[in-house]
Structures are given as C-alpha cells and as structure tokens.
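Each chain, letter by letter, is given below.
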Amino acid sequence: MLEPRWTMLILCEMWSGSTRFSEIQRGVPGMSPSLLSRRLKEMEVKGLVTRTTDSDGHIDYRTTPTADELEPLVHALGAWAHRHIDPDLQLECLDDHLLMWNIRRKIVVSELPRRKVVVQFILKIDGKPDCNYWLIVRTDGATDLCMVNPKFDVDLYVSADLRAITSVWMGHSSFAQEFAREQIVLIGDKALARSLPRWLQRSSFAASRPGATASPPSVRLAGE
C-alpha cells in the first residue's frame, strides 16, 4: 500500500492541510500532474484517500482513518532522523519552492497586524540568480504565496541565503545566529521585523534536535 514512490510524500502533504489537487502538487513539486493524478486514484482504491466533489464542482481529497493511523508513526520517524542525521547532510539538497510552501502554511496569523501584510523573500543561491517570493496575508487571515510580483506595496523584505534560512526553518540554527552572520537581513517595517520569530513558525521537527536554540523575542533591523 505504501511502497509506490511518492505515496508517503502525498500523505504528508495532505496531513499538513492540503486538500485540492493544486495544493498537493505545490507541496510535492518534483511530481508531474499526470503521475499525481494516477497515484491519487490508486490511493483511493487502496482506502488511503477519499475524493469528493462540492456543489461548485471543486474536488477535495482527504485522508482516511486508515491513512491517519500512520501520521504519528511517520512524524516519530522524522523526529528520529532529525536528531541523528548530520545537519550538513540534511542541508545538502535545498529546494527554495518547497521551503517557501512550508513557510507559507505555518504563518502564525495572530502574531501579524490585522491588515493585509506583504513580505517579499529574496533567496540567494550560490551561482544562481536570486529567487523572489511574495507572501501575502490577507485581512481574513488567508495566506497566499506568489512567485510573480503581485504589484502590492511590500511591508518587509527578507533577504536570505537559502541554506541559512533553511537551517533556521529546520532548527539547526536560530534566527539570532543567522542575523548576526548577516545571512538573513530584514528591511522595512520595524514591528513586523522584530516579531518575525513569532509569526514565522519553524518546522515541527525544529525542536527534535538536542540543544536546538530558541529564537529571541526581537531582532535587529538592517542598518540599526
């Protein structure tokens, strides 16, 4: 039931809250749409997912109780790996798109101002052009991630080395350490910058590694 390639990654994405085909695809970016469609059909036959259509014709995929029994087991395996696998190995294969998708779905909206907030991430990758992403948190709390400039006024710019911000996300280093090394630089709204460690929630595995450093309650803005 679980052996076919991608099955576990699809389940992990669905456990994180994705129900629409496009959402699942964004969380498993290396998978072609045709293969994802085929795998979801196979998982439905095996009793791992259900497929429903709402009144507007939108299709939702949801995990079944059978699949949900696996979630704590998979999380425990991930926590074990996070504790025991060398951080340099974990940071060997970086994926800016997957990182930003993960960041987008774990934003703590209650820690942000009650207005539309736009944060531009400028990710620096050795030997490649900068990658730009726009995180938009709307007044109703909905969070969008854009790879094309939405032409909104930007409240905060986060300029970061991809390895550094991935390391923070995974809990191998802290915001304070990467700010001090100037591997992550913040420019813009001071209150938004100082509260970043509170509204940008890290991976659920970040606390799994012994000695993981907690982020400080405030940070220094570039130029201060």
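Okay, so let's go over this structure. (Residues numbered from 1 in each chain as written. Predicted model: local features only at pLDDT ≥ 70, side-chain atom pairs only at ≥ 80, totals over all residues. Heavy atoms only, no water.)

This part is about helix α3 (residues 33–45). Under the 1.5 Å per step criterion, the end-to-end length of α3 is 19 Å for 13 residues, consistent within 8% with the ideal 18 Å. Among the residues of α3, those classed as buried are Leu35, Leu36, Arg39, Leu40 and Met43. Seen from one end, α3 has its buried residues packed into an arc of 135°, which puts them on one side. What points out from α3, more than 90 degrees from its buried face, is the exposed set Ser34, Lys41 and Val45. Buried residues along α3 sit in contact with α1 (7–15), α2 (21–27), β1 (49–53) and β2 (59–63). (Helix = DSSP H or I, 4+ residues; strand = E, 2+ residues; numbered from the N terminus. Expected span 1.5 Å × (residues − 1). Buried < 20%, exposed > 50% of the residue type's maximum accessible area, 1.4 Å probe, protein only. Arc of directions from axis to C-beta. Contact = heavy atoms within 4.5 Å.)

Per the stated rule, a full pass over the model turns up eleven salt bridges. Measuring nitrogen to oxygen at the nearest pair gives 2.6 Å for the salt bridge that ties Arg39 to Glu42. Of the two residues, Arg39 and Glu42 both sit in helix α3, three residues apart, roughly one turn of that helix. We classify Arg39 as buried; its relative accessible area is 10%. (Salt bridge = Lys/Arg side-chain N within 4 Å of Asp/Glu carboxyl O.)

With respect to the secondary-structure elements, Ile122 resides in strand β3 (residues 117–124). Exposure remark for Ile122: the relative accessible area of 18% places this residue in the buried category. With residues up to four places along the chain from it excluded, the contact list for Ile122 reads Asp130, Cys131, Asn132, Tyr157, Val158, Ser159 and Ala160.

All right, on to the sheet that holds strand β6 (residues 156–161) then. Read from one edge of the open sheet, five strands run β5-β4-β3-β6-β7, paired in mixed fashion. Looking along the sheet, the strands with just one partner apiece sit at the ends: β5 (143–146) and β7 (184–188). Taken over all neighbouring pairs, the strand axes of this sheet differ in orientation by 20° on average, direction set aside. The sheet contact formed by β3 and strand β4 (residues 131–137) spans seven bridges and is antiparallel. Residue Val118 lies in a different strand from β4, and its bridge partner there is Ile136. (Pairing = 2+ DSSP bridges. Axes fitted to C-alpha atoms, helices over the stretch in contact; angles between N-to-C directions.)

In terms of strand pairing, β1 meets β2 through five bridges, oriented antiparallel. For Val49, the partnering residue across the bridge sits in β2 and is Thr63.

Once that is clear, we can look at the side chain of His82. Mapped onto the elements of the fold, His82 is located in helix α5 (residues 71–84). Reaching out from His82, the side chain makes a polar contact with the side chain of Gln90 at a distance of 3.1 Å. A distance of 3.4 Å separates a polar side-chain atom of His82 from the backbone oxygen of Phe205. (Polar contact = N/O pair within 3.5 Å; in protein donor to acceptor, adjacent residues only side chain to side chain.)

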